[in-house]
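Report on the structure
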Amino acid sequence: MYKKYSNVERVKPSGIDLKDHLVGVQRVTKVTKGGRTFGFNAVVVVGNGDGVVGHGLGKSKDVASAIAKAIEDAKKNLVRIPIYKQTIPHEQKGKYGGAKVFLKPASNGTGVIAGGAVRAVLESVGVQDVLSKSQGSSNPHNVVKATFDALLNMRDAYAVAKQRGISLDKVFNG
C-alpha cells in the first residue's frame, strides 16, 4: 500500500496503546430486484499520539461492525511519521483523487488548525501545532489518504542525512 514512499517505516500494533478516531460513516445502497439493500462504510484513524498512525476502511450491514472492521484494518496499516517539537518538520502537500491537503509547521501554542478528516489524522499522529488547508474534494476517504500522502513524504533531518550520505552536522551547516 505504501510502496511508492521510500522512507516509510511500518510498525507492528503489538504493545502500542492505540486510540481510534471515527472520521466518517456513510450509508450506501445496493439496488436489487427485490428492492434496496442498505449497508454502511466507516473510515477510522488510529494512532498512539507519538508518531504512529494508520487508517482503515470497514464495510458491513450495520454501523458497529463496520467501525470494528475499520479499526482492525487501520491496525494493519500502521506507519511512523517524523515529528519535530510537537509539529511537522517542513511544509508538505499531499494529493489523493480530487482531494489536496497542504500542511505547514506552526510555532508552539498555535494548536491544530485543521478541519474534519485532516484534524483526526494529525491528532492521532500527535502533532499539536500545525496549519493546514484542504482543497478540492471533501470526501473523507480521499482527504484522509491525501493527508497520509503528505505525512508519508515528510523527512526528518536524520533521513535527509542518511539519504545524502553525509553527517547530521553537514545537513544544518551546509
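What this report covers is the structure whose coordinates are included nearby. (Residues numbered from 1 in each chain as written. Predicted model: local features only at pLDDT ≥ 70, side-chain atom pairs only at ≥ 80, totals over all residues. Heavy atoms only, no water.)

Secondary structure assignment for the protein chain yields 5 helices and 9 strands. Projected onto the principal axes, the alpha-carbon positions of the protein chain cover approximately 70 × 35 × 30 Å. Here the protein chain holds 174 residues, and the buried ones make up 38% of them. Long-range contacts, defined here as pairs at least 24 residues apart, represent 58% of the contacts in the protein chain between residues at least 6 apart. On the protein chain, roughly 9900 Å² of surface is accessible, and the fraction owed to carbon and sulfur atoms is 49%. (Helix = DSSP H or I, 4+ residues; strand = E, 2+ residues; numbered from the N terminus. Buried < 20%, exposed > 50% of the residue type's maximum accessible area, 1.4 Å probe, protein only. Contact = heavy atoms within 4.5 Å. Areas by Shrake-Rupley, 256 points an atom, 1.4 Å probe, with all protein chains shown as cover.)

With antiparallel pairing, the 5 strands of this open sheet are ordered in space as E1-E5-E4-E3-E2. In this open sheet, the two edge strands, each paired with only one partner strand, are strand E1 (9-10) and strand E2 (19-32). Where E2 meets strand E3 (residues 35-47), 13 bridges bridge the pair, whose relative direction is antiparallel. Across the sheet, residue threonine 29 finds its bridge partner in E3, namely phenylalanine 38. Contacting E2, E3, strand E4 (52-60) and strand E5 (79-80), helix H3 (residues 140-152) runs over the sheet at an angle of about 155° to E4. (Pairing = 2+ DSSP bridges. Axes fitted to C-alpha atoms, helices over the stretch in contact; angles between N-to-C directions.)

By the secondary structure assignment, threonine 87 is in the loop between E5 and strand E6 (92-96). The class for threonine 87 is buried, based on a relative accessible area of 7%. Sequence-distant contacts of threonine 87, that is, excluding residues within four places in its chain, are made with Pro105, Ala106, Val127, Asp129 and Val130.

It is worth spelling out the nonpolar core at this point. Counting 28 residues, the largest nonpolar core has Leu103, Leu122, Val144 and Leu151 as the members making the most contacts within it. Among the elements of the structure, E3, strand E7 (99-105), helix H2 (116-125) and H3 are those that each provide at least two residues to this core. Among the elements that line this core, the one with the most residues is H3, at 7 residues. If we ignore the near neighbours within four places in the chain, the residues touching leucine 122 are Leu103, Val112, Ala114, Val127, Val130 and Leu151. Among the nonpolar cores identified, the runner-up in size contains 11 residues, and Val11, Ile71, Ala74 and Leu78 belong to it. (Core = buried A, V, L, I, M, F, W, Y, C linked by side-chain atoms within 4.5 Å.)

The values are spatial; any link to function lies outside them.
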